[in-house]
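Here is what each chain is made of, one letter per residue.
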Amino acid sequence: MKENIFGKNLIECETLMVEQGEPKYRGEQLFQWLYHKKSEDFSEMTNFANKLRETLSKNYSLNHGKIQEIQKDSHDGTKKFLIELSDGECIESVLMHYQHGDSLCVSTQAGCNMGCKFCASTQGGKIRDLTSGEILDQIYLIEQAENLRISNVVIMGIGEPLDNYNEVIKFIRIANTGFGIGQRKITLSTCGLVPGINALAEENLQINLAISLHSVFQEQRKQLMPIAEKYDLDALLAAIDDYFIKTGRQITYEYALMDGFNDRDVDINGLVKLLRGSRNHLNLIGLNAIEEVSFKESARLDSFFRELENRGINVTMRRKMGREIDAACGQLRKKGNKDKVNV
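Rules used throughout
- Each residue is numbered by its place in its chain's sequence as written, counting from 1.
- Selection of residues for local features in this predicted model requires a pLDDT of at least 70, selection of side-chain atom pairs for listing and counting requires 80 or more, and totals for whole chains, interfaces and linings are taken over all residues.
- As a convention, hydrogens and water are excluded, and side-chain values are obtained from all of the structure's heavy atoms.
- A 1.4 Å probe that fits but cannot get out identifies a cavity on a 1 Å grid over protein atoms alone, an open set with protein on both sides within 12 Å along at least five of seven lines counts as a pocket, and a residue lines either if it has an atom within 4 Å of a point.
- Grid points are joined across faces, edges and corners, and a volume is the space filled by probe spheres set on the points.
- Helix and strand assignments come from DSSP, with helices taken as H or I runs of at least 4 residues and strands as E runs of at least 2, each series counted from the N terminus.
- Only Asp, Glu, Lys and Arg are considered charged in this grouping, and only Ala, Val, Leu, Ile, Met, Phe, Trp, Tyr, Cys and Pro are considered nonpolar; every other residue, Gly among them, is considered polar.
- For two strands to count as paired, DSSP must find a minimum of two bridges between them.
- Here the axes come from fitting lines to C-alpha atoms, over the contacting stretch only for helices, and the angles between their N-to-C directions go from 0 to 180 degrees.
- Salt bridges are counted wherever a side-chain nitrogen of Lys or Arg sits within 4 Å of a carboxyl oxygen of Asp or Glu.
- Buried, partly exposed and exposed residues are distinguished by accessible area as a fraction of the type maximum, computed with a 1.4 Å probe on protein chains only: under 20%, between the cut-offs, and over 50%, respectively.
- By definition, the crossover connecting two strands over a helix is right-handed if that path, from the first strand to the second, turns clockwise as seen with the strands pointing away from the viewer.

1. Examining the layout of surface pockets
- Considered as a void within the structure, the second largest pocket measures approximately 520 Å³ in volume.
- Along the wall of the second largest pocket there are 23 residues; nearest its centre are Asn-4, Phe-6, Ser-86, Thr-131 and Glu-134.
- Contributions of two or more residues to the lining of the second largest pocket are made by strand 1 (3–4), helix 4 (132–146) and helix 5 (165–177).
- Broken down by element, the lining of the second largest pocket gets its largest block of residues, four residues, from helix 4.
- When its residues are assigned to classes, the lining of the second largest pocket shows three nonpolar, 10 polar and 10 charged.

2. Examining the sheet that holds strand 10 (residues 186–190)
- In spatial order, the strands read 3-4-5-6-9-10-11-12-13-14; together these 10 strands make up an open sheet with mixed pairing. The two strands at the open ends of the sheet, each matched to only one other strand, are strand 3 (66–72) and strand 14 (315–317). With direction set aside, neighbouring strand axes in the sheet form an average angle of 25°.
- By the bridge criterion, four bridges tie strand 11 (residues 208–212) to strand 12 (residues 251–257) in an arrangement that is parallel. Bridge pairing in strand 12 places Ile-211 opposite Tyr-253.

3. Some details on the pattern of salt bridges
- If you walk through the whole model with that rule in mind, you get 19 salt bridges.
- A salt bridge links Asp-87 to Arg-128; its shortest N-O distance comes to 2.7 Å. Taken as a pair, Asp-87 in the loop between strand 4 (79–84) and strand 5 (90–98) and Arg-128 in strand 8 (residues 128–129) lie far apart in primary sequence, 41 residues in all.
- Classification of Asp-87 by relative accessible area gives partly exposed; the value is 46%.
- The salt bridge partner of Arg-300 is Asp-265, with a shortest N-O separation of 3.2 Å. Of this pair, Arg-300 sits in the loop between strand 13 (281–286) and helix 11 (301–310) while Asp-265 is found in helix 10 (residues 265–275), placing the two residues 35 residues apart along the sequence.
- With relative accessibility at 27%, the residue Arg-300 sits in the partly exposed group.

4. Some remarks on unusual backbone geometry
- Positive phi values are uncommon outside glycine, yet Lys-38 reaches one of about 50°.
- Structurally, the position occupied by Lys-38 is in the loop between helix 2 (25–36) and helix 3 (50–59).
- Positive phi values are uncommon outside glycine, yet Asn-204 reaches one of about 60°.
- Within the element layout of this structure, Asn-204 appears in the loop between helix 6 (194–200) and strand 11.

5. Digging into the pairing of strand 10
- Most of strand 10 is tucked away, with five of its five residues classed as buried.
- Neither face of strand 10 is left uncovered, since the one carrying Ile-186, Leu-188 and Thr-190 and the one carrying Thr-187 and Ser-189 both have all their residues buried.
- The sheet contact formed by strand 9 (residues 150–155) and strand 10 spans three bridges and is parallel. From the neighbouring strand, Ile-155 faces strand 10, where its bridge partner is Leu-188.
- Traced from strand 9 through helix 5 to strand 10, the parallel crossover comes out right-handed.
- After leaving strand 10, the chain enters helix 6 and then returns to the sheet as strand 11, a path that is right-handed.

Spelled out as structure tokens, the structure:
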């Protein structure tokens, strides 16, 4: 089986060309064809000699996944895409329209091993990591299908990005230099892998970092997120402080309000203690509940938000999009896998 050339970075493109006996600058031209011009076939690379195009076609493939299903919310236009990969595994991407542009939420793994109790993505565990090309392909396929340009990327779909560290970093750099998406328009969300946060702080990137917090109390957070058993809240907050010192980038804490669990007055007080006086930001989320667990969306969302705002916290409430579709991360993939079993 030939290696898929889509997903190679500039250095890899240059090395490939030198190995073919071509000058190094041909690698930059190849990189341009793959990402700037979004070529679909080697035959389109018209500044290459016929022999070189034939050699590339003989030794490499230029393949993309397939969009198998699209769900659209009629109220806000949010679209969820079910994408089939070359081995038959499926992932999800979500396209959201904002005044500032079109934003795409991308997946980094087929399935997830993190086991967060409120998340559909983790049902069934992780099948495998995605390659950088498979993550990039989500942008490529949806731009082609929708005839638009993605301006913002959130790495917040199926999978834990820092559990697929090298391929995700490679994806970020190619999305920036190849697709022209500014690093400050890319947000990576993690459930709290401390070694990954420490490594990310050394990458000299200007991306946004979001932390799935969901509780300011260690024992409560452990009930929701098994990763908190391995990396406790003190270790996580220390890593975040170090990240801020080294990068100067504001941190966003994600907090999905769950009825009777993390929406109490004591939770408000804990958040105020954590955030007051810092430059960091809190993003309140209305929970997209899944049928397998008992956690439900809080009835206190508005009052919880107002109380934090009144107490001087830099807080926003995430606009809830995709209410009509399988909006929670992993729901559409899970349904697709169930359909495969029932066929």
